[in-house]
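# Structural characterization, general
The chain contents come next:
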Amino acid sequence: QVQLVESGGGLVQAGGSLRLSCTASGGIFSSSAMGWFRQAPGKEREFVARITRSGISTYYADSVKGRFTISRFNAKNTVYLQMNSLKPEDTAIYYCASGGSGTWYKEYDYWGQGTQVTVSS
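Below you will find a few notes about this structure. (Residues numbered from 1 in each chain as written. Predicted model: local features only at pLDDT ≥ 70, side-chain atom pairs only at ≥ 80, totals over all residues. Heavy atoms only, no water.)

## Structural notes on the side chain of Arg45
Note that Arg45 resides in the loop between β4 (34–39) and β5 (46–51). Although Arg45 is buried, it forms no salt bridge, and the closest oppositely charged side chain is Glu6 at an N-O distance of 7.7 Å. Within the structure, the side chain of Arg45 is placed 3.3 Å from the side chain of Gln39, a separation counted as a polar contact. (Helix = DSSP H or I, 4+ residues; strand = E, 2+ residues; numbered from the N terminus. Buried < 20%, exposed > 50% of the residue type's maximum accessible area, 1.4 Å probe, protein only. Lys, Arg positive; Asp, Glu negative; His and termini not counted. Salt bridge = Lys/Arg side-chain N within 4 Å of Asp/Glu carboxyl O. Polar contact = N/O pair within 3.5 Å; in protein donor to acceptor, adjacent residues only side chain to side chain.)

## Notes on unusual backbone geometry
Within the chain, Asn77 stands out as a residue other than glycine whose phi angle is a positive 50°. Counting through the fold element by element, Asn77 comes out in the loop between β7 (68–73) and β8 (78–83). For Ser85, which is not a glycine, the phi torsion comes out positive at approximately 50°. Turning to its location among the elements, Ser85 is positioned in the loop between β8 and β9 (92–98). Overall, Ser85 belongs to the partly exposed group, its relative accessible area being 41%.

## Some words on the pattern of salt bridges
Taken as a whole and judged by the stated rule, the model has 4 salt bridges. With a closest N to O distance of 2.7 Å, Glu46 and Arg38 form a salt bridge. We classify Arg38 as buried; its relative accessible area is 6%. Taking the shortest distance from any N to any O, the salt bridge between Lys65 and Asp62 comes out at 3.3 Å. For Asp62, a relative accessible area of 68% puts it in the exposed group.

## Here we look at the environment of Ile56
Among the structural elements, Ile56 can be located in the loop between β5 and β6 (58–60). It is 9.1 Å that separates the C-alpha atoms of Ile56 and Ser71, two residues lying 15 residues apart in sequence.

See below:
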């Protein structure tokens, strides 16, 4: 059974930092690209970042480029999202995803339960 579990969300002030983690089980992590998406109330789920299987190539939405960093540690079946210089507009539920390689959320087959990130001004 494939499972993705996110952690690390919380409440921070604007300009602060958070690191999200996603741990995978089910034997698919090391052979899969991984992505992070987010969804705010009343809005469609949107792409944030993704990383290839090797961890060599990364891709970011323009809105987070230069502030967020995605990385992976395959030995621990974990992918991270380091978020710096957070803004109130970053407030959303953040989801870890696998089984796809693009920026459209419906391309992905597996999802975590989500972790809430709230940024206060």
